[in-house]
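Each chain, written out:
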Amino acid sequence: MQTPIRRKLRPEDARRSNLALVLQAIYNDPQLSRADLARTTGLTKVTVSDLVAELIGTGLVHESGTSGVSRPGKPSTLLGFNASARDILALDLAAPDQLRGAILSLRGEPVLTRVRALDGAVGAEALAAARELARELATASTRPILGLGVGTPGTVNAEGTVLAAPNLHWHDVPLQQLLAADLGLPVRVENDANVAVLAERRFAGGPDDLVRVQLSRGVGAGLLVGGHLVRGAASDAGEIGHVVIDESGERCSCGKTGCLETWTSVPALTARIAADPSHREELLAEAGHRLGLALAPVVGMLGLAHVVIGGPADIVDTPLLDAVRTCVADRTRSEFRPELELIPSSLGEDAVLLGAAALVLLNQLGVA
């Protein structure tokens, strides 16, 4: 049996980790002094002072005033996070028949939003449109750019290559590499449902254990366990859209028959309702039940108590939500299990863009 290789932690790695630790604390709480940071992080006061000086030098942190607490000696200087120190670029490639892009602050506040219609374009045409939109955002930015985050449908590996996105007709597209070469910037590409669940945690106060379903061009789920994103051994965790739930159903774009996506994707549901508008509520409820069939084993296996559903408001409506909730609760009911909290996302259509920003914050600054 081979002895595992142990790599010694380099001083620069330890410093980078400590910088992220201090910045995370300041990002989350704008009323901390250097002494507070030392207590919060467990680092020495000398180390904290050194790290804070570096963060102030980068413009990410500033001194925001003094504490109002009456105590002997000099008042403490409080530290604040400078959300306008950098721009974050974000792309949402999962919206039905369109691409959405944005420039955001380090707090996820929108500075500029752009939408580009695809008009049915897929394959190389869709890829060219995404690259052009990214270049457009970079040109429009007026501050230093921290990086570009991308939420895309399909299975994405650790290197940001889209292994398969059936709805876009993409296979083995090195999207992260292409965009980084185009822009000369740090780029992170991740599945759209995965970035959306990061947005729920970062910007909507979601819990550490959470599954978020994204209904858009396709259907996917992002999963957090203990605050960590679950990607799976093949980078395809959460790809519930292509789980077969109806063997006698419609042919799916992936080649199988009766996938969840053929029932609950936004294009599929919109088409069904347009063909039979008088039965809108029943169609939404039926789609919700089928989504519940796919979610129940996940909720039961992991003991989850929180589920968020994201998508257009006219789709993620009461009939669909009630049907999902009832189906999952009926199939996972136990005297030991807490009541399931299943709610619509509060982030609206910007969830993927915000998640792309959260991805950049995590990878570039260590802000989780």
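All figures in this text were calculated on a predicted structure; none of them were measured in a lab. Chains are numbered independently. Their residues run from 1 in the order of the written sequence. Given that this is a predicted model, residues contribute local features only at a pLDDT of at least 70 and side-chain atom pairs are listed and counted only at 80 or more, while totals for whole chains, interfaces and linings are drawn from all residues. Calculated side-chain values reflect all of the structure's heavy atoms, with hydrogen atoms and water omitted.

A. The arrangement of the overall build of the protein chain in detail. A run of H or I in DSSP becomes a helix once it reaches four residues, and a run of E becomes a strand once it reaches two; helices and strands are each numbered from the N terminus. Counting secondary structure elements, the protein chain contains 11 helices and 16 strands. For this measure, only C-alpha atoms enter the radius of gyration; the expected value for a globule follows 2.2 Å times N^0.38, where N is the number of residues. Taking 21 Å as the expected radius of gyration for a compact globule of 368 residues, we find that the protein chain reaches 22 Å, a close match to that expectation. Expressed as lengths along the three principal axes of its C-alpha atoms, the size of the protein chain is roughly 75 × 55 × 55 Å. When each of the 368 residues of the protein chain is scored for burial, the buried share is 48%. A separation of at least 24 residues holds for 61% of the contacts in the protein chain among residues at least 6 apart in sequence. Using a 1.4 Å probe on the protein chains alone, a residue whose accessible area is under 20% of its type maximum counts as buried, one over 50% counts as exposed, and one in between counts as partly exposed. Whether two residues touch is decided by their heavy atoms; if any such pair falls within 4.5 Å, the residues are in contact.

B. Geometry of unusual backbone geometry. Despite not being glycine, Asp 97 shows a phi value in the positive range, around 55°. With respect to the helices and strands, the residue Asp 97 is situated in the loop between strand S4 (87-92) and strand S5 (98-104). Residue classification places Asp 97 among the partly exposed residues on the basis of a relative accessible area of 36%. At Asp 119, a position not held by glycine, the phi torsion is positive, near 50°.

C. Up close: helix H5 (residues 175-183). Residues Leu 175, Gln 176, Leu 179 and Leu 183 constitute the buried set of H5. Each buried residue of H5 lies within a common arc of 95° when the element is viewed along its axis, so the set occupies one face. Of the exposed residues in H5, those oriented more than 90 degrees away from the buried face are Gln 177 and Ala 181. Structurally, H5 contributes buried residues whose contacts are with helix H4 (123-140), strand S7 (145-152), strand S9 (162-165), strand S10 (170-173) and strand S11 (187-191). Positive phi shows up at Gly 184, right after H5, with a value of about 65°. Directions from the helix axis toward the C-beta atoms define the arc.

D. Summary view of a nonpolar patch on the surface. Here the term patch refers to residues with relative accessible area over 30% and no salt bridge, with like charges joined within 9 Å and nonpolar side chains (Val, Leu, Ile, Met, Phe, Trp, Tyr) within 5 Å. The method behind every accessible area is Shrake-Rupley, applied with a 1.4 Å probe, and residues are considered shielded solely by the protein chains displayed. By definition, a salt bridge exists where a carboxyl oxygen of Asp or Glu is found within 4 Å of a side-chain nitrogen of Lys or Arg. On the surface, Val 225, Met 301 and Leu 302 cluster together into a nonpolar patch covering about 310 Å² of accessible area. Mapping Met 301 onto the fold places it in helix H9 (residues 280-302).

E. Fine view of the sheet that holds strand S13 (residues 219-225). Paired strands are those between which DSSP finds at least two bridges. Taken in spatial order, the 5 strands of this open sheet run S14-S13-S12-S15-S16, and their pairing is mixed. Of all strands in the sheet, those with a lone pairing partner are strand S14 (228-229) and strand S16 (341-344), marking the two edges. In terms of strand pairing, strand S12 (residues 210-215) meets S13 through 6 bridges, oriented antiparallel. Across the sheet, the residue bridging to Val 211 is Leu 223, located in S13. Docked against the sheet, helix H10 (residues 318-332) engages S12, strand S15 (306-310) and S16, running at close to 160° with respect to S16. Helix axes are fitted to C-alpha atoms over the stretch in contact, other axes to C-alpha atoms as well, and angles between N-to-C directions run from 0 to 180 degrees.

F. Region of the structure containing the pattern of salt bridges. Considering all chains together, one arrives at 21 salt bridges under this definition. Glu 63 is paired through a salt bridge with Arg 34; the nearest N and O atoms lie 2.9 Å apart. You can see Glu 63 sitting in strand S2 (residues 61-66) and its partner Arg 34 sitting in helix H2 (residues 34-41), a full 29 residues away along the chain. Residue class for Glu 63 comes out partly exposed when judged on its relative accessible area of 47%. Assessed through its relative accessible area of 24%, Arg 34 is described here as partly exposed. Where Arg 290 meets Glu 286, a salt bridge forms, and the shortest distance between an N and an O atom there is 3.5 Å. On the criterion of helical spacing, the pair formed by Arg 290 and Glu 286 is a turn pair, its members being 4 residues apart in helix H9.

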